[in-house]
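The chain contents come next:
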Amino acid sequence: MSVLIGAGVVAVVAAGYVGRKGWLALHRAVGITPGTLEYVPPSQLPPPPMLQLTLAEPQIKDLPPVIMERLLRIDGKADVFQQLRTEAMDAGQTPATSEDEFVVSKLLQTRLPELINSYQRIARQEALIQQANHRAVSSQHANSAASTSMEMSEGKAQALAVLLEVLITIETKLDALLERYKNDALQDMQVMRRYLQQRQ
């Protein structure tokens, strides 16, 4: 009887040991170190990789979350659009580039990075002005500089609004292009269905 109890205890300890080692190995495999959690502020997290947009990491590093969210949505839609074009080419079709496609491509590859650089420049200028205001010695000088700081805040808000408006426009154009591709595919299916119905 004592042998059975001893074997049971050994089996439980062995199962616990093997289970713990497996649990730790699983965490190491996915890149987690058990027992050590570090808080990383969202501003220090690396930006997610872009699939279609040609934006460098320094360009998107300090963008507001609303802009990053919109950029990621645009990037995902641009990737889907590019996959649709690639599938059409692989199927032997040569899709004609419409004016809308050209405009969206130009916006994504050239104008969007320029707009983001302009926004970043305005944000840096505002940060420098705010630093200069903090170094002001006299209260009178600080009061007069406060109005300049408010103007720069309005300038940054205007730049953010313009950037957001352009991103919304790009996303709307991408949605229209994706809808057109979907409608074209549906129309091809309907043509084939009508053809088959006439043959019966």
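Sequence order as written defines the numbering, with residues in each chain counted from 1. Note on the predicted model: pLDDT of at least 70 is required for a residue's local features to be given, and 80 or more for side-chain atom pairs to be given and counted; whole-chain, interface and lining totals, by contrast, use all residues. Hydrogens and water are ignored here; the side-chain numbers use all heavy atoms of the structure.

Trainee: I keep staring at the overall build of the protein and nothing clicks. Help me out?
Mentor: Strands are runs of DSSP state E lasting at least 2 residues, helices are runs of H or I lasting at least 4, and numbering of each runs from the N terminus. The helix and strand tally for the protein stands at five helices and zero strands. In the protein, the order of α-helices and β-strands from amino to carboxyl end is α-α-α-α-α. The rule is simple: take the accessible area with a 1.4 Å probe, protein chains only, and divide by the maximum for that residue type; under 20% is buried, over 50% is exposed, in between is partly exposed. Taking all 200 residues of the protein together, the buried fraction comes to 22%. In the protein, of all internal contacts separated by at least 6 residues, the share reaching a separation of at least 24 is 75%. Element-wise, carbon and sulfur atoms account for 60% of the exposed surface of the protein, whose accessible area totals about 14,400 Å². Contacts are assigned to residue pairs with any non-hydrogen atoms lying within 4.5 Å of each other. Residue burial considers only the protein chains on display, and all accessible areas are found by Shrake-Rupley using a 1.4 Å probe.

Trainee: How should the packing of aromatic side chains be read in this particular structure?
Mentor: When the centres of two rings from Phe, Tyr and Trp lie within 6.5 Å, Trp using its six-membered ring, the rings pair. Their planes under 30 degrees apart give stacked, over 60 give edge-to-face, and anything left gives tilted. Following the criterion strictly, the structure yields one aromatic pair and no others. Between F81 and Y181, the ring centres sit 5.4 Å apart and the planes meet at 90°, which makes this aromatic pair edge-to-face. One end of the pair, F81, is in helix α3 (residues 65–90); the other, Y181, is in helix α5 (residues 139–199), and 100 residues separate them in sequence.

Trainee: So what exactly am I meant to see when it comes to the environment of L164 here?
Mentor: Looking at the element boundaries, L164 is found in helix α5. A relative accessible area of 23% places L164 in the partly exposed class. For the pair L164 and R70, spaced 94 residues apart in sequence, the C-alpha to C-alpha distance is 8.2 Å. Filtering out sequence-adjacent residues up to four positions away, L164 remains in contact with V66, I67 and R70.

Trainee: Sorry, what's going on with a nonpolar patch on the surface here?
Mentor: Like-charged residues within 9 Å of one another, or nonpolar side chains (Val, Leu, Ile, Met, Phe, Trp, Tyr) within 5 Å, are grouped into patches, provided each residue has over 30% relative accessible area and no salt bridge. A pairing counts as a salt bridge when a side-chain nitrogen of Lys or Arg comes within 4 Å of a carboxyl oxygen of Asp or Glu. On the surface, a cluster of nonpolar side chains totalling about 580 Å² of accessible area is made up of M1, L4, I5, V9 and V13. With respect to the element layout, V13 can be found in helix α1 (residues 2–29).

Trainee: Explain α1 to me, please; I cannot follow it from the model alone.
Mentor: Since one α-helical turn is 3.6 residues long, residues separated by three or four positions face the same way. Expected span of a helix, by definition, is 1.5 Å for each gap between consecutive residues, and there is one gap fewer than residues. Here α1 is 28 residues long and its end C-alpha atoms lie 40 Å apart, about the 40 Å a rise of 1.5 Å per residue gives. With two of 28 residues buried, α1 is to be regarded as a mostly surface element. Following α1 by one or two positions, G31 has its phi on the positive side, about 90°.

Trainee: Explain the packing of α3 against helix α4 (residues 99–134) to me, please; I cannot follow it from the model alone.
Mentor: In helix packing, the relevant descriptors are the interaxial angle and the interaxial distance, both defined with respect to the helix axes. Across the interface, α3 lies against α4 with an axial gap of 12 Å and an inter-helix angle of 150°. In terms of their interaxial angle, α3 and α4 are classed as roughly antiparallel. When the axes of α3 and α4 are compared, the crossing they make is left-handed. Across from L71, I74, A78, F81 and R85 in α3, the residues of α4 making contact are E101, L108, L112 and I116. Ten residues, namely Ala, Val, Leu, Ile, Met, Phe, Trp, Tyr, Cys and Pro, are considered nonpolar, four, namely Asp, Glu, Lys and Arg, are considered charged, and the remaining ones, Gly among them, are considered polar. Tallied by class, the residues present in the contact of α3 with α4 amount to seven nonpolar, no polar and two charged. Axis definition: a line fitted to C-alpha atoms, over the contacting stretch in the case of helices. Angles run 0 to 180 degrees between N-to-C directions. Here is the rule for angles: anything less than 35 degrees is roughly parallel, anything more than 145 is roughly antiparallel, 65 through 115 is roughly perpendicular, and the remaining ranges are oblique. In this scheme the crossing of two helices becomes right-handed for a clockwise turn of the near helix relative to the far one and left-handed for an anticlockwise turn of less than a right angle.

Trainee: Please clarify how the side chain of R85 should be interpreted in this entry.
Mentor: Its location among the elements puts R85 in helix α3. Once you skip the residues sitting within four places of it in the chain, R85 turns out to touch P95, A96, T97, E101 and Y181.

Trainee: How should the pattern of salt bridges be read in this particular structure?
Mentor: Pairing between side chains of opposite charge can happen when the charged atoms of each approach one another. In the structure shown here, the tally under the stated rule is nine salt bridges. One salt bridge in this structure joins E171 and R73, with 3.0 Å as the shortest N-O distance. Of this pair, E171 sits in helix α5 while R73 sits in helix α3; the two residues are 98 residues apart in sequence, bridging distant segments of the chain. Relative accessible area serves as the criterion here: at 6%, E171 is assigned to the buried category. Two residues, R85 and E101, come together in a salt bridge whose shortest N-O distance is 2.6 Å. Remark: E101 occurs in helix α4 and R85 occurs in helix α3; sequence separation between them is 16 residues. A relative accessible area of 11% means that R85 is categorised as buried. Each of E69, R70, R73, K77, E171 and D175 takes part in one network of salt bridges that share partners.

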